[in-house]
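Coordinate inspection notes
One letter stands for each residue in the lines below.
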Amino acid sequence: MALLLGHVTMTDQTHPSGRPWRNFYGRIHGKTLNKAQVERLESDLDALSPGPVGRDVNPDATPLDLAARFGGKPVWLEIGFGGGEHLVHMAKTYPDVALLGAEPYVNGVAMLLGKIEEAGVTNLAIHPGDVRYLMDVLPKGSIAKAFLNYPDPWPKARHHRRRFVTPEYLELLVHVLAPGAEFRVATDIEDYVRQTTQEVPRAGFELVSGPDFTAWDDWISTRYEQKALREGRVPHYLTYRAPV
Ligand SMILES: C[S@@+](CC[C@H](N)C(=O)[O-])C[C@H]1O[C@@H](n2cnc3c(N)ncnc32)[C@H](O)[C@@H]1O
């Protein structure tokens, strides 16, 4: 198991030499995985890799060859896919697009693998780790659309700088997005909306719509959104265009 988890979390978090040290404050492990999940993690992850991500396997940060990996399809990125319902839904809905997802939470990755198997989708790849290390090796302007669905809220003021909508993350995102690419944000936290509407335009994005209370036409409600609704919180949806 230790070996397996070492394999699953194979990111620079455990190999801090070289590229900037980045703290990751979220959860990496949850409930004990069942046998089928462990087997899937061991057997399926390599084939789903987008290519070498992380200092240990890509010390020079050589950009990934996405055209070779995805046969020239446009590539969309989902940041923190959780249980993977949105990632698989998008892969199913858009067979001519390649979906790339990043998620450090091993139980979420295991859930996604089950969904991939069930749906039989092949147009997707995943980085089972922090999206910043994936963005380090994505070619400039290579991502045609990005999704940030229910990012960790970090409600305490002193933790707001850990949010995705901060210059450290947004600068990396701007680099990998194609000029004018769509960037979607969904959140149930009012203060996250406030920070998004301040910081995302500051990073050069243009607001296209939102905050709306109605989701995009091709939206599928995620596990986290369902939890938010059960607990009486209101989803907000924002759409931005990357700097041109
Ligand atoms: C509140 S959950 C939402 C999950 C899913 N998007 C949903 O809507 O159900 C936020 C997710 O973002 C992931 N996350 C946090 N920081 C991340 C990072 N730096 N890179 C990739 N994923 C991250 C967390 O592990 C967590 O699964």
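First, a word on scope: everything that follows refers to the structure included in this document.

So, on to the sheet that holds strand 1 (residues 75–79). What the seven strands build is an open sheet, ordered 3-2-1-4-5-7-6; its pairing is mixed. Strand pairing shows two members of the sheet lacking a second neighbour, strand 3 (124–127) and strand 6 (206–212), which therefore form its edges. The mean inter-strand angle of the sheet, taken between neighbouring strand axes irrespective of direction, is 15°. Strand direction decides the pairing type here: strand 1 and strand 4 (residues 143–149), joined by five bridges, are parallel. Opposite tryptophan 76, over in strand 4, you have lysine 145 as the bridge partner. Against the sheet, helix 4 (residues 85–93) contacts strand 1, strand 2 (98–102), strand 3 and strand 4, and its axis sits at roughly 170° relative to strand 2.

Now for the environment of leucine 48. With respect to the helices and strands, leucine 48 occurs in the loop between helix 2 (35–44) and helix 3 (66–70). Distance in space between the C-alpha atoms of leucine 48 and phenylalanine 70 is 11 Å, their sequence separation being 22 residues. Non-local contacts of leucine 48, meaning those with residues more than four positions away in its chain, are made with Ala125 and Ile126.

Orientation of helix 4 relative to helix 5 (residues 106–119), taken along the N-to-C sense of each, is 25°, at an axis distance of 9 Å. Classified by the angle between their axes, helix 4 and helix 5 sit roughly parallel to one another. Here the hand of the crossing between helix 4 and helix 5 comes out right-handed. Here Glu85, Leu87, Val88 and Lys92 of helix 4 lie close against helix 5, whose contacting residues are Leu112, Lys115, Ile116 and Ala119.

Okay, the pairing of strand 3 next. If a strand is regular, its side chains alternate between the two faces of the sheet. With burial as the criterion, each face of strand 3 is covered, one bearing Leu124 and Ile126 and the other bearing Ala125 and His127. Pairing geometry for strand 2 and strand 3, over four bridges, is parallel. When the sheet's bridge partners are listed, leucine 100 is paired in strand 3 with alanine 125. As a crossover connection, the stretch from strand 2 through helix 5 into strand 3 is right-handed.

Reading the values: the criteria
Note that residues are indexed from 1 along each chain, following the sequence as it is written. In view of the model being predicted, local features appear only for residues whose pLDDT reaches at least 70, and side-chain atom pairs are presented and counted only at 80 or more, with totals across whole chains, interfaces and linings using the full set of residues. Pairing between strands requires that DSSP locate at least two bridges from one strand to the other. Strands are runs of DSSP state E lasting at least 2 residues, helices are runs of H or I lasting at least 4, and numbering of each runs from the N terminus. Axes here refer to lines fitted to C-alpha atoms; in helices the fit is confined to the stretch in contact. Angles between the N-to-C directions go from 0 to 180 degrees. With C-beta atoms placed from the backbone, a contact is any residue pair whose C-beta atoms sit within 7 Å. An angle below 35 degrees is treated as roughly parallel, one above 145 as roughly antiparallel, one from 65 to 115 as roughly perpendicular, and anything else as oblique. Throughout, a crossing is termed right-handed when the near helix is turned clockwise from the far one, and left-handed when it is turned anticlockwise from it by less than a right angle. Labels follow a simple rule on C-beta atoms placed from the backbone: if 20 or more others lie within 10 Å of a residue's own, it is buried; if 12 or fewer, it is exposed; otherwise it is partly exposed. A right-handed crossover is one whose linking path, passing over the helix from the first strand to the second, runs clockwise when the strands point away from the viewer.

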